[in-house]
Structures are given as structure tokens and as C-alpha cells.
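Commentary on secondary and tertiary structure
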Amino acid sequence: MASTAGVSMSLSSITCSFKKNQVPISSLKSVSMPIKGKSFQSLRLRTGPSRLRVSCAAKPETVNKVCDIVRKQLALPADSEVTGESKFATLGADSLDTVEIVMGLEEEFGISVEEESAQGIATVQDAADLIEQLIEKK
């Protein structure tokens, strides 16, 4: 079983270490840490086909805005649970709903989402991450 104790990882100029407690890597979902020079405050771990991917997660306020837009577009009750891990399909969105969600995000954040990028959005977190990438490129 893999463990994060004493492991360092380097992402370009970002370096972080896990030294406190030994935690099986399979049980980690996200790691919070300050990163100098970047506005991202957490890293999200995603498992891939045969590797572990680390990606910068969107700011909580971006995720919350996306959750609000998804609730509005899908006419979900205000108290319905929509989180970063929520899948649009699980929330009841069909392909037309997803297009409308993307249009709402474009309007709210002042961005333009390419069709290829839009097709890769399956969860609220995917949308929030893409939004922050597009805003950073501006």
C-alpha cells in the first residue's frame, strides 16, 4: 500500500511535502496547503487509468457560484445538495441542460468555453476548474 509519509512531489515550481501522518494514498481526496505566487489553496487528487494525477482545484467561491448556477438551470430546490463532486447527469441534466449550464457559466464569469472543453465537463468541479483556467488565461 502506498503511503504519503515523507513523500515530496514537485509540480514545475511548486513543491510540497507530506510528513505528518502516514495516510494511504488511496484514501486522499484533496490536500490543502498555501502555494506561493498562486491563488489556488488546495490540490485535488484524481485517479487515472494507471496513474495518480494531481490538479489544482478551483477556489471554493467559484465552486459555490457554479453550484448556484446548476441549481438555477436545473430548477433544483435551494436546499438540494450540490457539491463539487456532483455529476450533472446524476442531478438530472440532459445534454440540452448541460449546454444551458455552460451558457450560464459563460455569462456569469465573462468567459467563452470551447465546444471541446465543454464536452469534458461532467461535474461541478470540472466546470469550476475550467472556469479558473480560462480566467487565468485572460
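Once a new chain begins, its residue numbering starts again from 1 and follows that chain's sequence as written. The model is predicted, so local features are restricted to residues of pLDDT at least 70 and side-chain atom pairs to those at 80 or more, both for listing and for counting; the totals for chains, interfaces and linings are taken over all residues. Here the side-chain values reflect all heavy atoms present in the structure, with hydrogen atoms and water set aside.

Defined as follows: UniProt positions are given in the numbering used here, feature names are shortened, and annotations may be inferred rather than shown by experiment.
An unreviewed UniProt entry annotates the protein as Acyl carrier protein of Vitis rotundifolia. In the Sequence similarities (unreviewed entry) part of its UniProt record, the protein is described as follows: "Belongs to the acyl carrier protein (ACP) family." We quote the UniProt Subcellular location (unreviewed entry) comment for the protein here in full: "Plastid, Chloroplast".

1. Describing helix 4 (residues 124–137)
Because an α-helix packs 3.6 residues into every turn, residues spaced three or four apart end up facing the same way. Just so we agree on the cut-off: Labels follow the DSSP assignment, with helices taken as runs of H or I lasting at least four residues and strands as runs of E lasting at least two, numbered in each case from the N terminus. Any helix carries an expected span of 1.5 Å times its number of residues minus one. Any residue under 20% of the maximum accessible area for its type is buried, any over 50% is exposed, and the rest in between are partly exposed; the area is computed with a 1.4 Å probe on protein chains only.
Across its 14 residues, helix 4 extends 20 Å between first and last C-alpha, which sits within 8% of the 20 Å expected from 1.5 Å per residue. The element helix 4 is largely enclosed, with a buried count of 10 among its 14 residues. Taken together, the buried positions of helix 4 are Val124, Gln125, Asp126, Ala127, Ala128, Asp129, Leu130, Ile131, Glu132 and Leu134.

2. Things to note about unusual backbone geometry
What is expected of a backbone is that most residues other than glycine have negative phi and most peptide bonds are trans. Here Ala75, not a glycine, exhibits a phi torsion of approximately 55°, which is positive. Tracing the chain through its elements places Ala75 in the loop between helix 1 (60–73) and helix 2 (95–109). Residue classification places Ala75 among the exposed positions, given a relative accessible area of 66%.

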